[in-house]
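Remarks on the overall topology
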Amino acid sequence: MAADPTPSQFADLAESIAREAAALAARRRAEGVEVADRKSSIVDVVTAADREVEALIRTRIAEARPDDAFHGEESGTGTGTSGITWVVDPIDGTVNYLYGSPEYGVSIGVVRGGADPTTWEPVAGVVVAPATGTVYRAAAGAGATRDGDPLRVGAPESLAETLVATGFGYTAERRRQQVQVLAGLIGEVRDIRRGGAASLDCCAVGAGTVDAYYERGINPWDMAAGSIVAQESGAEVRIWEAGGTRSFLFASPAVADELTALVQRLEGAVLAV
């Protein structure tokens with residue numbers, strides 16, 4: 001029986017597929033994008049390109065790894081027998097994509113186990129930003145890179161000097177709660193950044209262009225690849241239950257404990273009302 005590929009070999013395959021998918025996404029963006037459907041709310045949109053790009057990714061994975069499981073944002077879950085799951089967001093940052101912002105990414109994560117971030121074992125992750133061609137890549141035990149250059153998280157000297165990224169959900173009620181948490185946080189940190197694509201926010205932590213990223217309610221496909229990039233760059237990942245859903249935090253070890261405690265306290269106060 002042939003041995004499983006190494007994490008770096010999985011990263012090679014993920015990168016090849018992500019680059020092809022990114023080229024398709026960019027081509028469709030240049031042709032013009034329209035909303036094809038809405039999901040959890042009127043602002044939670046999906047485009048025809050989301051579905052087309054995911055179909056391409058799913059096909060390429062099935063051709064190369066027919067026994068692997070698949071978990072994608074648009075086409076759901078397919079079971080496998082190998083113990084490997086591909087967790088895919090074909091266009092992370094769909095609203096940015098719709099509006100012509102460059103802040104969107106093709107995100108392909110490879111994990112051992114199912115599609116639960118609390119139990120899976122990271123194997124490899126690739127995030128490609130089609131608008132710029134930037135490629136973030138990580139393999140378990142092999143580190144992370146941006147366009148081939150090694151990544152390392154920042155090391156802020158205090159919480160007050162920590163640049164934090166965050167995001168907001170699609171339902172009005174969750175956004176109101178998230179803004180209340182942010183109101184308590186913003187005076188305790190250097191500043192806030194809001195990019196609109198969780199995969200790229202995770203990669204930004206790994207690259208040190210922000211010191212931390214947190215958000216309540218993101219999905220496994222939003223963060224699978226980016227979290228592996230962040231972890232392999234030295235970031236810590238924290239996951240906890242909050243208000244019936246999960247909160248995620250990716251941060252420099254220098255501030256991970258303090259920032260996690262603060263966000264948890266603020267969320268607890270908001271959600272208790």
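Overview of the structure. Since this is a predicted model, take the numbers as computed values, not measurements.

1. Focus: the overall build of the protein
Scanning the protein for helices and strands turns up seven helices and 15 strands. Computed over the C-alpha atoms, the radius of gyration of the protein is 18 Å, within 12% of the 19 Å expected from 2.2 N^0.38 for a compact globule of 273 residues. When its C-alpha atoms are laid out on the principal axes, the protein stretches across 50 × 40 × 35 Å. For the protein, restricting intrachain contacts to residue pairs at least 6 apart in sequence, the fraction spanning at least 24 positions comes to 64%. By element, 48% of the accessible surface of the protein is carried by carbon and sulfur atoms, the whole surface being about 11,600 Å².

2. Some details on the sheet that holds strand S5 (residues 84-92)
Strand order in the open sheet formed by eight strands is S4-S3-S5-S6-S7-S8-S9-S10, and the pairing between neighbours is mixed. Looking at the sheet topology across the chains shown, the edges are occupied by strand S4 (76-78) and strand S10 (149-150). Summarising the sheet, strand S6 (residues 105-112) and strand S7 (residues 121-129) pair through seven bridges and their orientation is antiparallel. Paired with Ser 107 across the bridge in S7 is Val 127. Against the sheet, helix H1 (residues 7-31) makes contact with S5, S6, S7 and strand S8 (134-139), and its axis sits at roughly 30° relative to S7, the strand it touches most. Where helix H6 (residues 220-232) meets the sheet, it contacts strand S3 (69-72), S5, S6, S7, S8 and strand S9 (143-146), and its direction lies at approximately 100° from that of S7.

3. A closer look at the pattern of salt bridges
Counted according to the given criterion, the structure contains 15 salt bridges. Between Arg 137 and Asp 12 there is a salt bridge, with the nearest N and O atoms lying 2.7 Å from each other. Separated by 125 residues along the polypeptide, Arg 137 in strand S8 and Asp 12 in helix H1 bring together distant segments of the chain. Between Arg 193 and Asp 191 there is a salt bridge whose closest N-O contact spans 3.2 Å. Within this structure, Asp 12, Glu 15, Arg 19 and Arg 137 form a network of salt bridges that share partners.

4. What to know about the side chain of Thr 166
With respect to the secondary-structure elements, Thr 166 resides in strand S11 (residues 163-166). On the accessibility criterion, Thr 166 (2% relative accessible area) is buried. Looking at Thr 166, its side chain comes within polar contact range of the main-chain oxygen of Tyr 214, at 2.8 Å. Beyond its immediate chain neighbours, meaning those up to four positions away, Thr 166 contacts Leu 182, Ile 192, Arg 193, Arg 194, Gly 195, Asp 201, Tyr 213, Tyr 214 and Glu 215.

5. Describing helix H4 (residues 172-185)
In this model H4 runs 20 Å from its N-terminal to its C-terminal C-alpha over 14 residues, within 8% of the 20 Å that 1.5 Å per residue would give. Within H4, burial applies to Gln 177, Gln 178, Val 181, Leu 182 and Leu 185. Considered in projection along H4, the buried side chains sweep an arc of 140° and stay on one side of the axis. Of the exposed residues in H4, the ones pointing more than 90 degrees away from its buried face are Arg 176 and Ala 183. If you follow the buried residues of H4, they end up packed against S11, strand S12 (191-193), strand S13 (212-216) and helix H7 (256-271).

6. Let's talk about the sheet that holds S11
Strand order across the open sheet formed by five strands is S12-S11-S13-S15-S14, with mixed pairing between neighbours. On the outer flanks of this sheet lie S12 and strand S14 (236-242), each paired with one strand and no other. Neighbour-to-neighbour, the strand axes of this sheet turn through a mean angle of 20°, independent of strand direction. Here S11 pairs with S13 via three bridges, running parallel. Paired with Val 164 across the two strands is Ala 212, which belongs to S13. Against the sheet, helix H5 (residues 198-207) contacts S11, S13 and strand S15 (245-251), and its axis sits at roughly 150° relative to S13.

7. Things to note about the packing of aromatic side chains
One pair of aromatic rings is described through two measures. These are the centre distance and the angle between the planes. The final tally for this structure, using the stated rule, is four aromatic pairs. Measuring from centroid to centroid gives 5.6 Å for Tyr 213 and Phe 250, while their planes differ by 10°, and the two rings are stacked. On the criterion of sequence distance, the pair formed by Tyr 213 in strand S13 and Phe 250 in strand S15 is long-range, its members being 37 residues apart. Residue Phe 250 is classed as buried on the basis of its relative accessible area of 0%. Linked through ring pairs, Tyr 213, Phe 248 and Phe 250 together constitute an aromatic cluster.

Each value, and the rule that gives it
- Residues numbered from 1 in each chain as written.
- Predicted model: local features only at pLDDT ≥ 70, side-chain atom pairs only at ≥ 80, totals over all residues.
- Heavy atoms only, no water.
- Helix = DSSP H or I, 4+ residues; strand = E, 2+ residues; numbered from the N terminus.
- Rg over C-alpha atoms; globule rule 2.2 N^0.38 Å.
- Contact = heavy atoms within 4.5 Å.
- Areas by Shrake-Rupley, 256 points an atom, 1.4 Å probe, with all protein chains shown as cover.
- Pairing = 2+ DSSP bridges.
- Axes fitted to C-alpha atoms, helices over the stretch in contact; angles between N-to-C directions.
- Salt bridge = Lys/Arg side-chain N within 4 Å of Asp/Glu carboxyl O.
- Buried < 20%, exposed > 50% of the residue type's maximum accessible area, 1.4 Å probe, protein only.
- Polar contact = N/O pair within 3.5 Å; in protein donor to acceptor, adjacent residues only side chain to side chain.
- Expected span 1.5 Å × (residues − 1).
- Arc of directions from axis to C-beta.
- Phe/Tyr/Trp six-rings, centres within 6.5 Å; stacked < 30°, edge-to-face > 60°.

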